[in-house]
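# Report on the structure
If you want the building blocks of each chain, they are given just below.
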Amino acid sequence: MQKKLAVVVIILLLIIAVVLLYNSRGKSNVFVLPQASTAVSSPSPVTVAPSSTSLPSSSSSTQTSQVSIKNFAYSPATITVKVGTTITWKNEDSALHTVTSDDTSGPLDSDQLATGDTYSETFYTVGQFSYHCDPHSNMKAAIIVTN
Ligand SMILES: [Cu+2]
């Protein structure tokens, strides 16, 4: 019986020793950790954001486009757009102009546009659509519609 008691006491002492060792290590870890955490965690969240800024610059998928009529010319003279795009012409000249398909079956057939007037057409078919100004046959331009 005394041997068993002695063994139990030794085991208890060992356990206490292990717990004390563990606690002292934990304390020393506590002393080390705050320096490490403040040094590591502060500089990381500084610059993260600019990966999404490339979205607005990709203008190839825009669904509306503008062509201005200025100095007896369409600008841009040739414009490439995707199917479904609505193009709006705006007359910025003092003279009257039209937006008229070379093909008599259309699709472009505007009235005479005065200064500041606009004309819009949505293109649902792939192809090249040449047009001109009725009063000024030297004014020529084209819309290219792609998928
Ligand atoms: Cu004209």
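I will try to describe carefully the structure that is included in this document.

Reading the values: rules and limits
- Residues numbered from 1 in each chain as written.
- Predicted model: local features only at pLDDT ≥ 70, side-chain atom pairs only at ≥ 80, totals over all residues.
- Pairing = 2+ DSSP bridges.
- Helix = DSSP H or I, 4+ residues; strand = E, 2+ residues; numbered from the N terminus.
- Axes fitted to C-alpha atoms, helices over the stretch in contact; angles between N-to-C directions.

Okay, the sheet that holds strand E2 (residues 73-75) next. Within the open sheet, the four strands sit side by side as E2-E1-E4-E6. Their pairing is mixed. Edge positions in the sheet fall to E2 and strand E6 (118-122), since each has one partner strand and no second. Pairs of neighbouring strands in the sheet enclose a mean axial angle of 20°, with direction left out of account.

The next subject is the sheet that holds strand E3 (residues 78-82). Paired through backbone hydrogen bonds, the strands of a sheet run either parallel or antiparallel to each other. One open sheet holds the four strands; their spatial order is E3-E8-E7-E5, and the pairing between them is mixed. Two strands bound the open sheet, and with one partner strand each, they are E3 and strand E5 (100-101). Pairing between strand E7 (residues 127-132) and strand E8 (residues 140-146): six bridges, direction antiparallel. Across the sheet, the residue bridging to Ser-130 is Ala-142, located in E8.

Where strand E1 (residues 64-70) meets strand E4 (residues 86-91), six bridges bridge the pair, whose relative direction is parallel. Looking at E4, one finds that Gln-66 is bridged to Thr-88. Of the pairings in the sheet, the one linking E1 to E2 comprises three bridges and is antiparallel in character. By the bridge assignment for E2, Ser-68 is matched with Ser-75. Counted along the chain from E1 to the antiparallel partner E2, the turn is two residues long, and its residue Asn-71 has a positive phi close to 50°.

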